[in-house]
Amino acid sequence: MARGSLEELLEDYRDFIRNGRLRLWDKNSREALYVRRLGARPNASYESYKTYIETRSPEVVANIIICLIHQTNYLLDQQLRRLEKDFLGEGGLRERMNRARLAARARKGPAH
């Protein structure tokens, strides 16, 4: 669901750039790479981008947001791959709860 919403937002920003006849940054442009480096810093937050978002042209801000959407989608994809791997290796929540319950019973010993 989050991915779908981000894709819609991405399209809105692309439309904004296209309709305004603005320049869309290539993903490997100097500007896009700079935004990616900002996001790679430890503890990156809105403060990391604030100066650029609040002082630059609408074209630059739209491109920054597009970069951030791509970064967010990448992180979501990483998380989904990890969740899938964990699910395949360890099972779903009910399976893990059942194993934990059986392990607790085994530690407790036979019932009287």
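Refer to the structure presented above.
The rules behind the values
Residues numbered from 1 in each chain as written. Predicted model: local features only at pLDDT ≥ 70, side-chain atom pairs only at ≥ 80, totals over all residues. Heavy atoms only, no water. Helix = DSSP H or I, 4+ residues; strand = E, 2+ residues; numbered from the N terminus. Rg over C-alpha atoms; globule rule 2.2 N^0.38 Å. Buried < 20%, exposed > 50% of the residue type's maximum accessible area, 1.4 Å probe, protein only. Contact = heavy atoms within 4.5 Å. Areas by Shrake-Rupley, 256 points an atom, 1.4 Å probe, with all protein chains shown as cover. Lys, Arg positive; Asp, Glu negative; His and termini not counted. Charge placed at Lys NZ, Arg CZ, Asp CG, Glu CD. Phe/Tyr/Trp six-rings, centres within 6.5 Å; stacked < 30°, edge-to-face > 60°.

Sorry if this is basic, but what is going on with the overall build of the protein chain here?
From N to C terminus, the protein chain includes 5 helices and 0 strands. Counting from the amino terminus, helix and strand elements in the protein chain follow one another as α-α-α-α-α. Computed over the C-alpha atoms, the radius of gyration of the protein chain is 22 Å, more than 25% above the 13 Å expected from 2.2 N^0.38 for a compact globule of 112 residues. Looking at the protein chain residue by residue over its 112 residues, the buried ones come to 20%. Contacts spanning at least 24 positions in sequence make up 57% of the contacts within the protein chain whose residues lie at least 6 apart. Element-wise, carbon and sulfur atoms account for 56% of the exposed surface of the protein chain, whose accessible area totals about 8900 Å². Side-chain charges of the protein chain comprise 22 positive and 15 negative groups, with the mean position of each set lying 8 Å from the other.

For this particular structure, what's the right way to read the packing of aromatic side chains?
By convention here, two paired aromatic rings are described through the distance between centres and the angle between planes. On inspection of all chains with the given rule, the structure shows 1 aromatic pair. Seen from their ring centres, Tyr34 and Tyr52 are 5.8 Å apart, and the 75° between their planes marks the pair as edge-to-face. Taken together, the residues Tyr34 in helix 2 (residues 30–40) and Tyr52 in helix 3 (residues 46–55) connect sequence positions 18 residues apart.

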